[in-house]
Amino acid sequence: MTAAEPQLNPSSYPSLFRSADASAASAQRTYLLLVSSQYFLLISAASISVLFDYSSDFYSLYAVVVTASTGLLLYMAVQKPEKDWYGCRALAESIKTATWRYMMRAEPFAHCAETGDARIEFSKFLRSILDANAHVHDPISRHPSIGEQITVEMERIRSLSLPERSKVYKEHRILDQRSWYIAKIAWNRRQFRFWLAVCVLVQLIVIILVILRIKYDQLWSIWPTEPLLVLASSLVGWIQLKKFNELASAYNLTAHEIAILNDNIDMVAREEDLSVFVNDAERAFSREHTQWIARQVDRQI
């Protein structure tokens, strides 16, 4: 491996980042599972209700399902499991931003004359940001990560020359971020089209069933229009929850902003220039993440 060819991967970042990142991913899966379970229980309750004429036992089953749905709703309202997702993700992204500032010798780690001074400043930052995010200590503790807070790869990149560090930042931060956003744009647009098509299909089936029932009401004893309507409502809720279109538009703007940053990095000629550039770029990345958090919080209000 040459000096200009770093092998950046999750193990290259502080162990606190890896814990926060894993905790955020776990909390996201848990939250989406709870929401999906809520939709499933509501659809199940609607499905059971169409069987009331067959046996009184279905009333008991219906009561159990509705009770479970209500309990899950109250649990999510009180515990707010999505907060662990948002908090851990915010912590992980803050650490990642600080790590790149450290590796690029950008402020606030630019004027440390000795490597030891820079290490002390970075350690102080990690401690301060961890103290400021005390509300996520518990989820992070469930995903411990063994390793250094200042890794060998971080120190190696920090020791590179100005042109080499500029190249590393361009290839492994700017272009990597841009590729991530472009991939997410395509993914969100595909997901929006897919779930919208499924929702429209379900509602078309409901319309057809209603029309058939007008003429052939005695043909079947069970007409599943109510469960299908609840399913359609759940699909609309899922689309709104995931905000596919909104995220695609926001990511598209950020991808263009990153493209402009990519053009400007080649003009960096001094250490001071790189420090200013890196901080401007990291603020742009942080702004998109802050806006993402705000969108999630607004959805909960």
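Residues numbered from 1 in each chain as written. Predicted model: local features only at pLDDT ≥ 70, side-chain atom pairs only at ≥ 80, totals over all residues. Heavy atoms only, no water.

Engineer: Describe the overall build of the chain, and please don't skip the residues or the numbers.
Structural biologist: Within the chain, the secondary structure is distributed over 10 helices and zero strands. Ordered by position from the N terminus, the helices and strands of the chain form the series α-α-α-α-α-α-α-α-α-α. On C-alpha atoms alone, the chain measures out to a radius of gyration of 25 Å, which is more than a quarter above the 19 Å that the 2.2 N^0.38 rule sets for 301 residues. Reported as C-alpha extents along the three principal axes, the dimensions of the chain are approximately 85 × 40 × 35 Å. Residue burial in the chain is summarised as follows: out of 301 residues, 42% are buried. Taking the intrachain contacts of the chain between residues at least 6 apart in sequence as the baseline, contacts between residues at least 24 apart amount to 82%. With the model as given, the accessible surface of the chain reaches about 16,400 Å², and the carbon-plus-sulfur share is 60%. For the chain, the centre of its 32 positive side-chain charges and the centre of its 32 negative side-chain charges are spaced 3 Å apart. (Helix = DSSP H or I, 4+ residues; strand = E, 2+ residues; numbered from the N terminus. Rg over C-alpha atoms; globule rule 2.2 N^0.38 Å. Buried < 20%, exposed > 50% of the residue type's maximum accessible area, 1.4 Å probe, protein only. Contact = heavy atoms within 4.5 Å. Areas by Shrake-Rupley, 256 points an atom, 1.4 Å probe, with all protein chains shown as cover. Lys, Arg positive; Asp, Glu negative; His and termini not counted. Charge placed at Lys NZ, Arg CZ, Asp CG, Glu CD.)

Engineer: So what's going on with the environment of N264? Which residues, and what values?
Structural biologist: Position of N264 among the secondary structure elements: in helix α9 (residues 244-264). Here the alpha-carbon distance between N264 and Q218, two residues 46 residues apart in the chain, equals 72 Å.

Engineer: Would you mind going over the packing of aromatic side chains in detail, with residue names and values included?
Structural biologist: The relative placement of two aromatic rings is captured by the distance of their centres and the angle of their planes. One pass over the full model with this rule turns up 13 aromatic pairs. Taking 5.3 Å as the distance between ring centres and 45 degrees as the angle between the ring planes, the aromatic pair formed by W85 and Y86 counts as tilted. Each member of the pair W85 and Y86 is classed as buried. Ring geometry for W180 against Y251: centres 5.6 Å apart, planes inclined by 65 degrees, an arrangement best described as edge-to-face. With W180 in helix α7 (residues 162-215) and Y251 in helix α9, this residue pair connects regions lying 71 residues apart in the sequence. The exposure class assigned to W180 is partly exposed, which follows from its relative accessible area of 39%. Here the aromatic residues Y31, W85 and Y86 are joined through ring pairs into a cluster of three or more. The ring of Y102 has R158 lying over it, and the distance from NZ or CZ to the ring centre is 4.7 Å. (Phe/Tyr/Trp six-rings, centres within 6.5 Å; stacked < 30°, edge-to-face > 60°. Lys NZ or Arg CZ within 6 Å of the ring centre and 35° of its normal.)

Engineer: Hey, could you go over the packing of α7 against helix α8 (residues 225-242) for me, with residue numbers and the actual values?
Structural biologist: Helix-helix packing: each pair is described by the crossing angle between the helix axes and the interaxial distance. Relative orientation of the contacting elements α7 and α8 amounts to 160 degrees, with a least axis distance of 9 Å. Looking at the two axes, α7 sits roughly antiparallel to α8. For the element pair α7 and α8, the recorded crossing hand is left-handed. Contacts between α7 and α8 involve F192, W195, L196, V198, C199, V202, Q203, I205, V206, L209, V210 and R213 from the first element and T225, L228, L229, L231, A232, L235, V236, W238 and I239 from the second. When the residues that make up the contact of α7 with α8 are grouped by side-chain class, the tally is 18 nonpolar, two polar and one charged. (Axes fitted to C-alpha atoms, helices over the stretch in contact; angles between N-to-C directions. Parallel < 35°, antiparallel > 145°, perpendicular 65-115°, else oblique. Left-handed = near helix turned anticlockwise from the far one by under 90°. Nonpolar A, V, L, I, M, F, W, Y, C, P; charged D, E, K, R; others polar.)

Engineer: Describe the pattern of salt bridges, naming the residues involved and giving the relevant values.
Structural biologist: Note on pairing: side chains with opposite charge can pair once their charged atoms come close. Per the stated rule, a full pass over the model turns up 12 salt bridges. Here R165 makes a salt bridge to E271, at a shortest N to O gap of 2.4 Å. On the criterion of sequence distance, the pair formed by R165 in helix α7 and E271 in helix α10 (residues 271-300) is long-range, its members being 106 residues apart. Two residues, R173 and E282, come together in a salt bridge whose shortest N-O distance is 2.7 Å. Here R173 is found in helix α7, whereas its partner E282 is found in helix α10, with 109 residues between them in sequence. A relative accessible area of 2% means that R173 is categorised as buried. (Salt bridge = Lys/Arg side-chain N within 4 Å of Asp/Glu carboxyl O.)

Engineer: Got a sec to walk through helix α2 (residues 57-79)? Specific residues and values, please.
Structural biologist: In this model α2 runs 33 Å from its N-terminal to its C-terminal C-alpha over 23 residues, within 8% of the 33 Å that 1.5 Å per residue would give. Among all positions in α2, only V65, S69, L72 and M76 are buried. Those residues of α2 that are buried lie in contact with α1 (15-49). K80 lies just past α2 and shows a positive phi near 50 degrees. (Expected span 1.5 Å × (residues − 1).)

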